[in-house]
Amino acid sequence: MNRKLRIGLKVLAWLFVLAWVIYGLSYANKVYKGKRCTKLEVRVLDSAKLNFVRAKDVYRTIVKSKNSPIGQSLNSINTNRIEQDIYQMAAVRDVQAFKTAKGEVIVEITQRQPVLRVFNAKGQTYYIDDSGKILPYSSGFAANTLVANGNIVEPFKVVPNLDVTAFTDSSKEGPKNFIHKLYEFAMYVNNDKFWNAQIEQVYVRNRNNIELIPLVGPHIIVLGNLDNYEVKLKKLKLFYEKALPAEGWNKYTVINLKFKNQIVCTKY
């Protein structure tokens, strides 16, 4: 096949695609013309595992707003405005609104995914999601996630959607703030099948004296600071796999990982 023929075929293919798009838009316009919205349906796609956003609450918010689609002609409904209204809800990660030929407006929502719940020194509680942003606590639902409490003091005012990774420990460029480190630790635990099933709480006495509360066993794990936590947890996992099955899970009250190249245990 010569070059001119290949180019000609490509041009024809693009013209066919363009014609099909124009036909589709024209057909949709004819279908929507004069037709009104008879139904609004809200779907929270991940409601089986999270319940920060409830479909019935979103439904009420939409129908009470000036952008309510119910009874409006499909041609006049601006789905982008509906999406922008829903994005104002702090727990919403993504929203898609679209119209159907049956006269329906469908809204599909995905929620933000928390990885850490914080109880700080001021008595405040909030979540940090997997993008490092603050997600307000909702009294109607508590996510099953890692908990951090104790002497936690933030270098910022706790407000929704604030990025905890954007702050340093000083006014100039410097080390990561402690909450940033806690968030990274929570992400590591959340993404590791073993530790996600094992660690349920992080207790902060101060930033150099951190304790982990496991789900299995009566002991406390003394982590020290958050530096090199991957190495410390790798060392602890080997101890769990090699030593504890023989010695028994109830033998120790404290397992200390603060010291380099060794684990110091305190017996009952």
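Please refer to the structure placed before this passage.
Residues numbered from 1 in each chain as written. Predicted model: local features only at pLDDT ≥ 70, side-chain atom pairs only at ≥ 80, totals over all residues. Heavy atoms only, no water.

Applying the stated criterion to the full structure yields 9 aromatic pairs. On the numbers, 6.2 Å between centres and 40° between planes, the contact of Tyr127 with Tyr137 is tilted. Of the two residues, Tyr127 is situated in strand β5 (residues 125-129) and Tyr137 in the loop between β6 (134-136) and β7 (146-150); the sequence distance between them amounts to 10 residues. On the basis of relative accessibility, which here comes to 0%, the residue Tyr127 falls in the buried class. For Tyr137, a relative accessible area of 32% gives the class partly exposed. Between the aromatic rings of Phe239 and Tyr252, the centroid separation amounts to 6.2 Å while the plane-to-plane angle is 45°, which identifies the pairing as tilted. One end of the pair, Phe239, is in helix α6 (residues 229-242); the other, Tyr252, is in strand β11 (residues 252-256), with 13 residues separating them in the sequence. Across this residue pair, the class does not change: Phe239 and Tyr252 are buried. (Phe/Tyr/Trp six-rings, centres within 6.5 Å; stacked < 30°, edge-to-face > 60°. Helix = DSSP H or I, 4+ residues; strand = E, 2+ residues; numbered from the N terminus. Buried < 20%, exposed > 50% of the residue type's maximum accessible area, 1.4 Å probe, protein only.)

Turning next to the nonpolar core. In this structure, Leu116, Leu182, Phe185, Val202 and Leu236 are the most contacted members of the largest nonpolar core, which totals 39 residues. For this core, the element with the highest residue contribution is helix α4 (residues 178-191), accounting for 8 residues. With sequence-adjacent residues up to four places away left out, Phe185 is seen in contact with Leu146, Ile199, Val202, Leu212, Leu223, Leu226, Tyr229 and Leu233. Within the second largest apolar cluster, 24 residues are counted, among which are Val58, Leu74, Val95 and Leu135. (Core = buried A, V, L, I, M, F, W, Y, C linked by side-chain atoms within 4.5 Å. Contact = heavy atoms within 4.5 Å.)

Turning our attention to the sheet that holds strand β9 (residues 209-214). What the 9 strands build is an open sheet, ordered β6-β5-β4-β7-β8-β9-β10-β11-β12; its pairing is mixed. Sheet topology places β6 and β12 (264-267) at the edges, where each strand pairs with a single neighbour. For this sheet, the mean angle separating the axes of adjacent strands, direction not counted, is 25°. α4 rests against β4 (114-119), β5, β7, β8 (199-206), β9 and β10 (220-224) of the sheet, and its axis sits at about 135° to β4. Across the face of the sheet, α6 comes into contact with β8, β9, β10, β11 and β12 while running at roughly 150° to β10. (Pairing = 2+ DSSP bridges. Axes fitted to C-alpha atoms, helices over the stretch in contact; angles between N-to-C directions.)

Right, let's talk about the pattern of salt bridges for a bit. Tallying each qualifying case throughout the model produces 10 salt bridges. In this structure, the salt-bridge partner of Glu211 is Arg205, at a minimum N-O distance of 2.7 Å. Look at the salt bridges and you will find they share partners, linking Lys39, Glu41, Arg43, Glu104 and Glu108 into a network. (Salt bridge = Lys/Arg side-chain N within 4 Å of Asp/Glu carboxyl O.)

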